[in-house]
Amino acid sequence: MSETTDKSTLVMPSAMPSEADLAAWAELPRDEQVRRYQAMLQHPDCKSLTTETPDEILAAARQRVAARRHG
């Protein structure tokens with residue numbers, strides 16, 4: 001299996017997708033993209049309320065991405 005195919009089996013919706021994630025997502029059939037969105041929205045974190053603003057959530061997501069990229 002190619003690296004792209006391997007990546008497409010792992011890609012999920014993300015607030016901060018990499019270029020590789022975007023390419024892998026685009027390769028998925030539309031029904032698979034929908035299935036993955038539905039699965040993501042079933043996660044318990046999607047059912048909890050927060051007092052954080054959208055800007056705070058985005059900033060936290062960016063920090064997590066930066067931490068992953070820098071090891």
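A short tour of the structure in this document, coming up. Computed from a prediction, not measured in an experiment: that's the story for all the values here. (Residues numbered from 1 in each chain as written. Predicted model: local features only at pLDDT ≥ 70, side-chain atom pairs only at ≥ 80, totals over all residues. Heavy atoms only, no water.)

### Comments concerning the packing of aromatic side chains
All told, the structure shown has one aromatic pair when counted by the stated rule. Between tryptophan 25 and tyrosine 37, the ring centres sit 5.3 Å apart and the planes meet at 75°, which makes this aromatic pair edge-to-face. Placement of the pair is tryptophan 25 in helix H2 (residues 19-27) and tyrosine 37 in helix H3 (residues 30-41), with a sequence separation of twelve residues. Given the relative accessible area of 15%, tryptophan 25 is considered buried. (Phe/Tyr/Trp six-rings, centres within 6.5 Å; stacked < 30°, edge-to-face > 60°. Helix = DSSP H or I, 4+ residues; strand = E, 2+ residues; numbered from the N terminus. Buried < 20%, exposed > 50% of the residue type's maximum accessible area, 1.4 Å probe, protein only.)

### As for H3
Compared with the 16 Å implied by 1.5 Å per residue over twelve residues, the 17 Å span of H3 between its first and last C-alpha is a close match. Within H3, burial applies to Glu32, Gln33 and Arg36. Along the axis of H3, the buried residues cluster in a sector spanning 105°; they form a single face. Exposed side chains of H3 directed beyond 90 degrees from the buried face belong to Arg30 and Asp31. (Expected span 1.5 Å × (residues − 1). Arc of directions from axis to C-beta.)

### Points about the environment of leucine 58
Counting through the fold element by element, leucine 58 comes out in helix H4 (residues 54-69). As for leucine 58 and alanine 15, which are separated by 43 residues in sequence, their C-alpha atoms are 7.6 Å apart.

### What to know about the pattern of salt bridges
For the structure on display, the rule yields two salt bridges. Where glutamate 32 meets arginine 35, a salt bridge forms, and the shortest distance between an N and an O atom there is 2.6 Å. Here the residue glutamate 32 and the residue arginine 35 both occupy positions in helix H3, the gap between them amounting to three residues, near one helical turn. For glutamate 32, a relative accessible area of 18% puts it in the buried group. Residue classification places arginine 35 among the partly exposed positions, given a relative accessible area of 43%. A salt bridge links arginine 36 to glutamate 32, with the nearest nitrogen and oxygen atoms 2.6 Å apart. A residue pair is termed a helical-turn pair when its members lie 3 or 4 positions apart in one helix, as arginine 36 and glutamate 32 do in helix H3 at four residues. When salt bridges that share partners are traced, they join Glu32, Arg35 and Arg36 into one network. (Salt bridge = Lys/Arg side-chain N within 4 Å of Asp/Glu carboxyl O.)

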